[in-house]
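Chains, contacts and geometry: an overview
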Amino acid sequence: MGKAERIQGVRGMNDVLPTDEVYWDRFEEAVATVMRGYGYRRIRTPIVEPTALFVRGIGEVTDIVEKEMYSFTDALNGDELTLRPESTAGVVRAVIEHNLLYDGPKRLWYQGPMFRHERPQKGRYRQFNQVGVEALGMTGPDADVEVILLGNRLWDELGLGGIRLEINSLGQADERNAHRAALIAYFEEHREQLDGDAQRRLHANPLRILDTKNPAMQALVEAAPRLGDFLGPESLAHFTEVQRLLAANKVEFRINPRLVRGLDYYNLTVFEWVNEDGLTLCGGGRYDPLIAMLGGNPAPACGFALGVERVLEQLRRNAPDLGATGCDVYVIHAGGAVGEVAFQTAERLRDAGLEVILHCGGGSFKSQFRRADASGARFAVIAGEDELARGEVSVKWLRGSPIGEGAARQETVALAALADWIVDAMVASDGADI
Ligand code: ATP
Ligand code: MG
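A quick note: this is a predicted structure, and the numbers were derived from the prediction, not measured.

A few points about the nonpolar core
- One finds F187, L194 and L210 to be the most contacted residues of the largest nonpolar core, which totals 45 residues.
- For this core, the element with the most residues is helix α4 (residues 88-97), which contributes 5 residues.
- Residue contacts for L210: discarding those within four places in its chain leaves H179, L183, F187, V221, A224, R258 and V260.
- Counting 44 residues, the second largest nonpolar core, distinct from the first, contains V145, V147, L160 and C302.

Structure, rendered in structure tokens:
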């Protein structure tokens with residue numbers, strides 16, 4: 001029979017292969033540790049939500065809603081649905097639906113895949129993962145600073161350097177409206193310099209023009225009226241306090257007056273963590289209007305969303321040899337009746353907390369050794385007929401031998417003492433905690 005035609009994965013949607021798992025594990029452990037450290041609790045919401053949730057929650061005139069959403073009609077009942085492009089709207093929906101704010105503020109976090117139909121390139125995918133936090137029900141700049149500190153601690157926990165913090169204040173709606181009017185007047189005066197996107201957004205969402213990536217418009221945007229000049233005393237006081245608390249906590253930051261963030265619902269503080277290549281790893285801020293916009297009792301909120309793939313890329317660069325680690329023990333055996341004992345031996349070793357691969361499929365000892373080596377296991381346990389008759393097996397160090405790498409150290413060990421022997425050997429050689 002000939003080979004059937006291959007079916008490729010969807011463009012921009014990646015497989016995470018087992019060799020990458022050590023980075024994911026490391027990342028997820030750090031996230032869990034940091035979230036616990038700040039009293040944030042995980043919430044899991046569905047990947048599919050009603051399309052209307054994102055249209056209302058993200059805003060009609062945004063990149064996401066205009067052109068990036070995977071929306072479809074459920075053929076079975078006609079529901080208009082969308083694969084979530086971000087998670088804040090879904091989390092807020094759930095918070096309202098389950099009345100989670102009834103007894104006071106909530107600190108929540110989430111992790112999971114998001115979907116945006118963008119042009120795939122490095123650090124930009126159609127299915128990607130975000131970790132995010134939502135601090136709900138707290139008004140003060142202290143909450144803004146808390147979520148920034150949380151991110152900062154995550155970089156420390158992961159050992160990542162070179163990530164800088166940029167902050168800005170978007171003020172309140174009336175201040176933005178005054179700025180917006182000034183902005184529209186300014187861009188209208190220079191209409192001939194606007195590209196198609198900008199012309200379309202001029203009246204609907206002129207703030208987004210400031211976020212343009214078009215090099216031909218940079219000078220124009222640079223000279224545009226600045227929102228900072230339109231902030232009233234309360235907004236300024238909030239922003240000043242954020243800066244004071246950051247400095248008091250020894251977090252370095254840069255004020256970027258052009259930082260606006262893509263979504264409609266932000267107010268007051270916005271921030272981004274940017275790496276040395278200028279890639280944004282994490283963005284967030286305050287979005288006090290959102291809960292009421294989605295039908296809940298008005299309550300303030302702030303948070304961030306972090307691009308997991310981008311952080312993992314950074315982690316890979318910082319720790320290229322985190323490498324794949326193998327299991328503890330690979331059990332090689334002669335098959336037949338010996339194979340049965342080998343099965344039980346492997347189970348006893350697992351009882352002792354060891355990670356064990358039992359050779360399957362038979363073959364010569366030589367070919368089994370090759371598999372054992374390729375598995376990355378620390379020890380090979382060899383169960384042969386003659387030794388087993390005496391109640392013994394051989395143990396061979398495959399790597400990390402205390403008498404030197406590659407040293408062919410092999411010992412005969414009583415089957416009854418095998419698990420203890422291996423655990424002791426591991427603890428003795430590197431203090432491994434098992
Ligand atoms: P950009 O301006 O780069 O498109 P954004 O404003 O759309 O970013 P957010 O919606 O704030 O991004 O998402 C938060 C983080 O999620 C981003 O800072 C980034 O790290 C990550 N992210 C966003 N879109 C993608 C994507 N398509 N692929 C991978 N990561 C992404
Ligand atoms: Mg985007």
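Some details on a negative patch on the surface
- A cluster of acidic residues, E21, D25, E28 and E29, forms a negative patch at the surface.
- Take E28: it is sitting in helix α1 (residues 21-37).

Things to note about the site of ligand 1
- Close to ligand 1 lie 15 residues, the nearest being R116, E118, R124, Y125 and R261.
- Contacts to ligand 1 include G307, whose backbone N or O atom sits 3.5 Å from an oxygen atom.
- Relative to its unbound accessible area of 590 Å², ligand 1 is 88% covered by the protein chains.
- Mapped onto the shell around ligand 1, the elements with two or more residues apiece are β6 (127-136), β10 (280-286) and β11 (301-307).
- For the shell around ligand 1, the element with the highest residue contribution is β10, accounting for 3 residues.
- Tallied by class, the residues present in the shell around ligand 1 amount to 5 nonpolar, 4 polar and 6 charged.

Re the sheet that holds β6
- Pairing within the open sheet is mixed, and its 8 strands lie in the order β1-β5-β6-β11-β10-β9-β7-β8. Strands with a single pairing partner mark the edges of an open sheet, and in this sheet they are β1 (41-42) and β8 (254-255).
- In the sheet, β10 pairs with β11 via 5 bridges, with the strands oriented antiparallel. Across the sheet, the residue bridging to G285 is G303, located in β11.
- Packing of α4 onto the sheet brings it into contact with β5 (106-115) and β6, and relative to β5 it is tilted by some 135°.
- Contacts from helix α9 (residues 233-248) reach β7 (164-169), β8, β9 (267-274) and β10 within the one sheet, and its direction differs from that of β7 by about 160°.

Quick look at helix α11 (residues 308-318)
- All buried positions along α11 are accounted for by V308, E309, R310, V311, L312, Q314 and L315.
- Along its buried surface, α11 packs onto α1, β6, α5 (141-158), β10 and β11.

Quick look at the domain arrangement of the protein chain
- Domains assigned within the protein chain are domain 1 (18-171 + 231-318) and domain 2 (326-430).
- Computed from C-alpha atoms alone, the centre-to-centre distance between domain 1 and domain 2 is 47 Å.

What about the side chain of T51?
- Checked against the element boundaries, T51 lands in helix α2 (residues 51-58).
- Residue T51 is classed as buried on the basis of its relative accessible area of 14%.

Some words on the pattern of salt bridges
- Scanning the model with the defined rule gives 27 salt bridges in all.
- E241 is paired through a salt bridge with R244; the nearest N and O atoms lie 2.9 Å apart. Here E241 and its partner R244 are both found in helix α9, 3 residues apart, which amounts to about one turn of the helix.
- With relative accessibility at 26%, the residue E241 sits in the partly exposed group.
- Each of D63, E66, K67, D197, R200, R201 and R208 takes part in salt bridges that share partners, so that together they form one network.

With respect to the packing of aromatic side chains
- Inspection of the entire model under this criterion finds 5 aromatic pairs.
- Between the aromatic rings of Y266 and Y287, the centroid separation amounts to 5.9 Å while the plane-to-plane angle is 85°, which identifies the pairing as edge-to-face. Residue Y266 is found in the loop between β8 and β9, and its partner Y287 is found in the loop between β10 and α10 (290-293); the two are separated by 21 residues along the sequence.
- Counting every residue linked through ring pairs, the aromatic cluster contains F379, W397 and W421.
- Note that R316 overlies the ring of Y23, its terminal NZ or CZ placed 5.5 Å from the centroid.
- We note K396 situated over the ring of F369; from NZ or CZ to the ring centre the distance is 5.1 Å.

Definitions and cut-offs
- Residues numbered from 1 in each chain as written.
- Chains lettered and ligands numbered in written order.
- Predicted model: local features only at pLDDT ≥ 70, side-chain atom pairs only at ≥ 80, totals over all residues.
- Heavy atoms only, no water.
- Core = buried A, V, L, I, M, F, W, Y, C linked by side-chain atoms within 4.5 Å.
- Buried < 20%, exposed > 50% of the residue type's maximum accessible area, 1.4 Å probe, protein only.
- Helix = DSSP H or I, 4+ residues; strand = E, 2+ residues; numbered from the N terminus.
- Contact = heavy atoms within 4.5 Å.
- Patch = residues over 30% accessible without salt bridge, like charges linked within 9 Å, V, L, I, M, F, W, Y side chains within 5 Å.
- Areas by Shrake-Rupley, 256 points an atom, 1.4 Å probe, with all protein chains shown as cover.
- Salt bridge = Lys/Arg side-chain N within 4 Å of Asp/Glu carboxyl O.
- Lys, Arg positive; Asp, Glu negative; His and termini not counted.
- Charge placed at Lys NZ, Arg CZ, Asp CG, Glu CD.
- Near = heavy atom within 4 Å.
- Polar contact = N/O pair within 3.5 Å; in protein donor to acceptor, adjacent residues only side chain to side chain.
- Nonpolar A, V, L, I, M, F, W, Y, C, P; charged D, E, K, R; others polar.
- Pairing = 2+ DSSP bridges.
- Axes fitted to C-alpha atoms, helices over the stretch in contact; angles between N-to-C directions.
- Domains from an automatic or database assignment.
- Phe/Tyr/Trp six-rings, centres within 6.5 Å; stacked < 30°, edge-to-face > 60°.
- Lys NZ or Arg CZ within 6 Å of the ring centre and 35° of its normal.

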